[in-house]
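A look at the structure
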Amino acid sequence: MMKKIGLYLIALITCNLMMAQEIGQQRGPQFSSPEVAADNKVTFKVHSPNAQSVTINGSWMGFGQSVPLNKGADNVWTVTIDSLRPSMYHYNFFIDGVSAIDPKNALALRDGVRYASMLIVPGEGSKLFEVNDVAHGSLSLVWYNSPTLKLNRRMYVYTPPGYDNSKDKYPVLYLLHGGGGDEDAWTSLGRANYILDNLIAQGKAKPMIVVMTNGNLFQTSSLRTAPNSPEINRENFMKYAGMFESSLVKDVIPYIEKNYRVKAGKESRAIAGLSMGGMQTINASNAYPDVFGYIGVFSSGIFQPAPDDEAKFMALKKAGVTKYWVACGKDDFVMQSNKRLLELLNKTGIKHEYFENAGGHTWANWRTYLSMFAPMLF
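So, a few notes on the structure that sits alongside this text. (Residues numbered from 1 in each chain as written. Predicted model: local features only at pLDDT ≥ 70, side-chain atom pairs only at ≥ 80, totals over all residues. Heavy atoms only, no water.)

1. Some details on the sheet that holds strand β1 (residues 35–36)
The strand order across the open sheet built from 4 strands is β1-β2-β6-β5, with neighbouring strands paired in antiparallel fashion. Each edge of the open sheet carries a strand with a single partner, namely β1 and β5 (70–71). One ladder, built from 2 bridges, connects β5 with strand β6 (residues 76–81); its direction is antiparallel. Its bridge partner lying in β6, Asn70 is registered against Thr78. (Pairing = 2+ DSSP bridges. Helix = DSSP H or I, 4+ residues; strand = E, 2+ residues; numbered from the N terminus.)

2. Topic: the nonpolar core
In terms of nonpolar packing, the biggest core is built from 42 residues, with Tyr174, Ile209, Ile256, Phe292, Phe313, Tyr324 and Leu341 touching the most fellow members. In terms of residue count, helix α4 (residues 243–259) provides more of this core than any other element does, 6 residues in total. Other than its neighbours up to four places away in sequence, Ile256 contacts Met155, Val157, Val172, Tyr174, Val211 and Val262. Leu109, Leu189, Trp363 and Leu370 belong to the second largest nonpolar core, which has 37 residues in total. (Core = buried A, V, L, I, M, F, W, Y, C linked by side-chain atoms within 4.5 Å. Buried < 20%, exposed > 50% of the residue type's maximum accessible area, 1.4 Å probe, protein only. Contact = heavy atoms within 4.5 Å.)

3. Describing unusual backbone geometry
Here Ser33 and Pro34 are connected by a cis peptide whose omega angle stands at -5 degrees. Assignment of secondary structure puts Pro34 in the loop between α1 (2–27) and β1. Unusually for a residue other than glycine, Ser299 sits at a positive phi of about 50 degrees. Inspection of the secondary structure puts Ser299 in the loop between β18 (294–298) and α6 (309–319). The phi torsion at Phe378 lies on the positive side, around 65 degrees, for a residue other than glycine. For Phe378, a relative accessible area of 16% puts it in the buried group.

4. With respect to a nonpolar patch on the surface
Taken together, the side chains of Ile101, Val113, Tyr115 and Leu223 present a nonpolar region at the surface, about 400 Å² in accessible area. Positionally, Tyr115 belongs in strand β10 (residues 114–121). (Patch = residues over 30% accessible without salt bridge, like charges linked within 9 Å, V, L, I, M, F, W, Y side chains within 5 Å. Areas by Shrake-Rupley, 256 points an atom, 1.4 Å probe, with all protein chains shown as cover. Salt bridge = Lys/Arg side-chain N within 4 Å of Asp/Glu carboxyl O.)

5. Some points on the packing of helix α5 (residues 276–287) against α6
Closest axis-to-axis distance for the α5/α6 pair is 8 Å, and the angle between their directions is 65 degrees. Two packed elements cross with a definite hand, and for α5 against α6 that hand is left-handed. Taking contact as the criterion, the partners of Ile282, Ser285 and Asn286 in α5 are, on α6, Lys312, Phe313 and Leu316. Residue composition of the contact of α5 with α6, grouped by class: 3 nonpolar, 2 polar and 1 charged. (Axes fitted to C-alpha atoms, helices over the stretch in contact; angles between N-to-C directions. Left-handed = near helix turned anticlockwise from the far one by under 90°. Nonpolar A, V, L, I, M, F, W, Y, C, P; charged D, E, K, R; others polar.)

6. Things to note about the packing of helix α3 (residues 192–201) against helix α8 (residues 363–373)
For the pair α3 and α8, the least separation of the axes is 10 Å and the interaxial angle reads 35 degrees. As α3 packs across α8, the resulting crossing turns out to be right-handed. Residues Ala192, Ile195, Leu196 and Leu199 of α3 touch α8, and the partners they reach there are Arg367, Leu370 and Ser371.

7. Remarks on the packing of aromatic side chains
For the structure on display, the rule yields 18 aromatic pairs. Measuring from centroid to centroid gives 6.3 Å for Trp325 and Phe355, while their planes differ by 15 degrees, and the two rings are stacked. Note that Trp325 is positioned in strand β19 (residues 323–329) and Phe355 in strand β20 (residues 353–357), a separation of 30 residues in sequence. When the centroid spacing of 6.1 Å and the interplanar angle of 80 degrees are considered together, the rings of Phe355 and Tyr369 count as edge-to-face. Of this pair, Phe355 sits in strand β20 while Tyr369 sits in helix α8, placing them 14 residues apart in sequence. Given the relative accessible area of 24%, Phe355 is considered partly exposed. Overall, the relative accessible area of 0% leaves Tyr369 in the buried class. (Phe/Tyr/Trp six-rings, centres within 6.5 Å; stacked < 30°, edge-to-face > 60°.)

8. Things to note about α3
Within α3, 8 of the 10 residues are buried, which leaves it mostly tucked inside the rest of the structure. Among the residues making up α3, those that are buried are Ala192, Asn193, Ile195, Leu196, Asp197, Asn198, Leu199 and Ile200. In this structure, the buried residues of α3 make contact with β11 (138–146), β12 (151–159), β13 (172–176), α2 (185–188), β14 (209–212) and α8.

9. Some words on the environment of Glu245
Within the secondary structure, Glu245 is located in helix α4. When the C-alpha positions of Glu245 and Ile350 are compared, they lie 21 Å apart, and in sequence the two are 105 residues distant.

10. Quick look at the pairing of strand β17 (residues 269–274)
Counting buried residues in β17 gives 6 out of 6 residues, a clear majority hidden from the surface. Pairing analysis gives 5 bridges linking β13 to β17, with the strands arranged parallel. In the strand pairing of β17, Leu173 is matched with Ala270. Taken together, β17, α5 and β18 constitute a β-α-β crossover, and its handedness is right-handed. (Right-handed = clockwise from strand over helix to strand, strands pointing away.)

What follows is the structure, encoded as structure tokens:
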């Protein structure tokens, strides 16, 4: 009997070893990527047996730049880059010219139809948007009806820590994404919910609800365009101008104020947006001057000057604004539009604050701007 058990165990172990060897062959060589060293140098690796060349492009590089990887043992391509400052980055491999995310990195993000792998280099500069040991708010994907756009649409709603267990009412920030993005952008790329979690935990921002809508006129939700939607081009763009802003005020705000415990009223509403969302912020606050008490314009401005621009800003001044905050990177390609906005604010006498920093049209800047703007609110 013991002999049979012994033979059985030997057979079982042999079978397991053979299976492990076969699985290992199927999986290929085992390694990690990316690896962040103590000095913040980062090593990237990818297994690609048939590739003739592999390069990497990351958000820490200039536009169109790339760095080659070197082929090593077991057909693993490797490169180590110089130390990165603590922050959040994204990157892609290019295998024989074809873009690919890092198959060893579970952290990925999407910007419109562009996918990339994510890297957070730990340190002081990235603490604000990391998942820290603090109380966390809730993030909900909410469907609502938009009679203005004749669509059923989706938005993200952040409620702060403690919302579910309290009877308090909260102010609201309506946060708008840029061109190419959608309602997912401010959480996936902007880390808005983690930024608010950390600011609230530090006592730097008041607890607030944050509403992140889809600013693409005929999308119901991420990458889903309603059937029979018209093509938005230069020829018919103006035909639909103002429709999203109208939907925000007439559909989104009433839904939020009916279904959430909010402090209704201008002094408890803020609006901010980046790039296209900044333009929509300007348009919405000008078209509805009695709705928003706090206005934030990130990397945006007056893209198409109109004869009635000055009159609209004068009406906004008359209605009153508690805070008008503008921010833009020195190398941002929208700088001329940004300057036109600043000139109009100065000309019409609207009190405002302007922040200019290094860099361009990047999420690194927009995360910074949100982290600065949120503590100013309410």
